[in-house]
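The residues making up each chain are set out below.
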Amino acid sequence: MDTLTLLLAAALASAIMTTTMYVLHRASPREASLLDWFWAGVFFLATNCVGVVATFYRVPFWVAPAIGNALYIAGHGALLAGVRRHLGRQPGWALLLVVSVLVFAAHWLTFVHASITYRLMLFYPIIMALNLGVVLLLWRAPANDMKPAYWPLALIELFFFAQLLLRALFIVFNAQTTLTFLGSQFMQTSGSLALLVFLSVATMGCALIVIRHQELALRRASRTDHLTGWLNRHALQDIAHREFNRRGRGNHSLAFVIFDIDHFKSINDTHGHAVGDTAIRHVTTLAAGTLRGYDARFRIGGEEFVVLITDADQERLIAMGERLREHIEGSALNTNGTSLSTTVSVGIALRGTTDRHWEDVLRRADEALYRSKKNGRNRVSYSHEDGESENGSADAVPMIA
Ligand SMILES: Nc1nc2c(ncn2[C@@H]2O[C@H](COP(=O)(O)OP(=O)(O)OP(=O)(O)O)[C@@H](O)[C@H]2O)c(=O)[nH]1
């Protein structure tokens, strides 16, 4: 392909990047990285347009190469800015602006002005640093479900870095090569071809990151209870099934702590549904304070909650249930000038030899909870495998004041 065709193809690829990022941003305005990547497309499009125009007309030095190079570096920088924003960091647009202006101004340094070789040797390291910045950020991003979506962008940035390195070495070891703007067919063709591939894959890579991010957010939302932020019943089925199959029987097996707010209906009836919602949030916040960060918590009904424990024995489970019950009993909710005391009844079951399914364990925990309710509420009951439950403690009658 001749240089002009490649420049036009790269301009087209930049236009596709710009349009794709813009359309995706319209569809998902909360994905702010798309705007950074949209600007990356705009800068690459502009720099390619400058290149196309420069092949036909004699353009002033401040347009090509000065503005062309500054835009080219800004394009790579905007990609990095989007990745930084995606990872929750400051995008760094102010620094990018300073770098681009300095690149523009550097064209008037005598040696840079005089030789394209010096220009390339000065600007290549900047672009390579930006490429490497993207690779390192994505490489060091926390290992989670997003990771596979980072590979295409990381790899294409690495590819661009590598080809720039090769071209820099080519220049160094072919010192006799006299380059002029668009003057070396090899340099120009390989550069435009690399940019064409880079833009095409980077567009896909950025889109993939956003699509995966959205998909995970949707999945999270479909598994989360919006009132409390705890997981919902749908998530319980997945997680409990997985943990049940993964762990054997024994002291460090799977257990359920199930608890239910006592006389909750009367809170709703007396104070209204909104206060009822506040009471639910109050209880889950208190409960979370007594649990460890990795205990999976679920809201499985209106005022019914489950905690999945994977490494406890009977003694610790009962102590934990008691701690939870006492903490909630002892922390009144102050709302609308009223002090509202809430209590919970708790049922606990640890996986036993006869449990064939996680639902068998949950059913026993539920039966234990039922016993707590029947025996006066505000108490903890533990389910033994033979079906008998023992009460942990507490006879206090719950109070709604
Ligand atoms: N505010 C509010 N109320 C809810 C929500 N979900 C369910 N409820 C109410 O929770 C109440 C549950 O009442 P019951 O099942 O009779 O339980 P209870 O009054 O706590 O009685 P015990 O469990 O036997 O102590 C019902 O009035 C439901 O309408 C919710 O998201 N918000």
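What counts and how
Residues numbered from 1 in each chain as written. Predicted model: local features only at pLDDT ≥ 70, side-chain atom pairs only at ≥ 80, totals over all residues. Heavy atoms only, no water. Helix = DSSP H or I, 4+ residues; strand = E, 2+ residues; numbered from the N terminus. Rg over C-alpha atoms; globule rule 2.2 N^0.38 Å. Buried < 20%, exposed > 50% of the residue type's maximum accessible area, 1.4 Å probe, protein only. Near = heavy atom within 4 Å. Polar contact = N/O pair within 3.5 Å; in protein donor to acceptor, adjacent residues only side chain to side chain. Areas by Shrake-Rupley, 256 points an atom, 1.4 Å probe, with all protein chains shown as cover. UniProt positions renumbered as here; feature names shortened; annotations may be inferred. Axes fitted to C-alpha atoms, helices over the stretch in contact; angles between N-to-C directions. Parallel < 35°, antiparallel > 145°, perpendicular 65-115°, else oblique. Contact = heavy atoms within 4.5 Å. Nonpolar A, V, L, I, M, F, W, Y, C, P; charged D, E, K, R; others polar. Expected span 1.5 Å × (residues − 1).

1. Structural notes on the overall build of the protein chain
Then comes step 1: Across its full length, the protein chain holds 13 helices and nine strands.
Then comes step 2: The C-alpha atoms of the protein chain give a radius of gyration of 31 Å, which is well past the 21 Å a tight globule of 401 residues would have.
Then comes step 3: Seen through its C-alpha atoms, the protein chain measures out along the principal axes to roughly 95 × 50 × 30 Å.
Then comes step 4: With 401 residues in all, the protein chain has 49% of them scored as buried.

2. Observations regarding the site of the ligand
Then comes step 1: Around the ligand, the structure places 16 residues, and the nearest of them are His263, Phe264, Lys265, Asp277 and Arg299.
Then comes step 2: Within the backbone of His273, an N or O atom sits 3.1 Å from a nitrogen atom of the ligand.
Then comes step 3: Interatomic distance of 2.6 Å between a side-chain N/O atom of Asp277 and a nitrogen atom of the ligand.
Then comes step 4: Contact with the protein chains hides 65% of the accessible area of the ligand, taken as 670 Å² for the molecule alone.
Then comes step 5: Sorting the residues of the shell around the ligand by element identifies strand E2 (255-261), helix H10 (264-271) and helix H11 (273-290) as the ones contributing at least two each.
Then comes step 6: At four residues, the largest contribution of residues to the shell around the ligand is made by H11.

3. Notes on unusual backbone geometry
Then comes step 1: The amide bond that connects Ala64 to the next residue, Pro65, takes the cis arrangement and shows omega of 15°.
Then comes step 2: The residue Pro65 is located in helix H3 (residues 62-86) in this model.
Then comes step 3: In this structure, His263 takes a positive phi of about 50° despite not being glycine.
Then comes step 4: Even without being a glycine, Asn378 presents a positive backbone phi close to 50°.
Then comes step 5: By the element assignment, Asn378 lies in the loop between helix H13 (358-374) and strand E8 (380-383).

4. Focus: the UniProt feature "transmembrane region" (unreviewed entry) in the protein chain
Then comes step 1: Those residues carrying the UniProt feature "transmembrane region" (unreviewed entry) are residues 6-25, 37-56, 62-81, 93-116, 122-139, 151-173 and 193-211 in this numbering.
Then comes step 2: As a span, residues 93-116 carries 83% helix and 0% strand, and end to end its C-alpha atoms are 27 Å apart.

5. Digging into the packing of H3 against helix H6 (residues 116-140)
Then comes step 1: Interhelical geometry of H3 versus H6 gives an angle of 10° and a closest axis separation of 8 Å. Taken together, the axes of H3 and H6 lie roughly parallel to each other. Across the interface between the two elements, Pro65, Asn69, Tyr72, Ile73, His76, Gly77, Leu79, Leu80, Val83 and Arg84 of H3 pack against Arg119, Phe123, Ile126, Ile127, Leu130, Asn131, Gly133, Val134, Leu137 and Leu138 of H6.
Then comes step 2: Broken down by class, the residue content of the contact of H3 with H6 amounts to 13 nonpolar, five polar and two charged.

6. What to know about helix H12 (residues 314-329)
Then comes step 1: The first and last C-alpha atoms of H12 sit 22 Å apart over 16 residues, in line with the 22 Å expected at 1.5 Å per residue.
Then comes step 2: Buried within H12 are the following residues: Leu317, Ile318, Met320, Gly321, Glu322, Leu324, Arg325 and Ile328.

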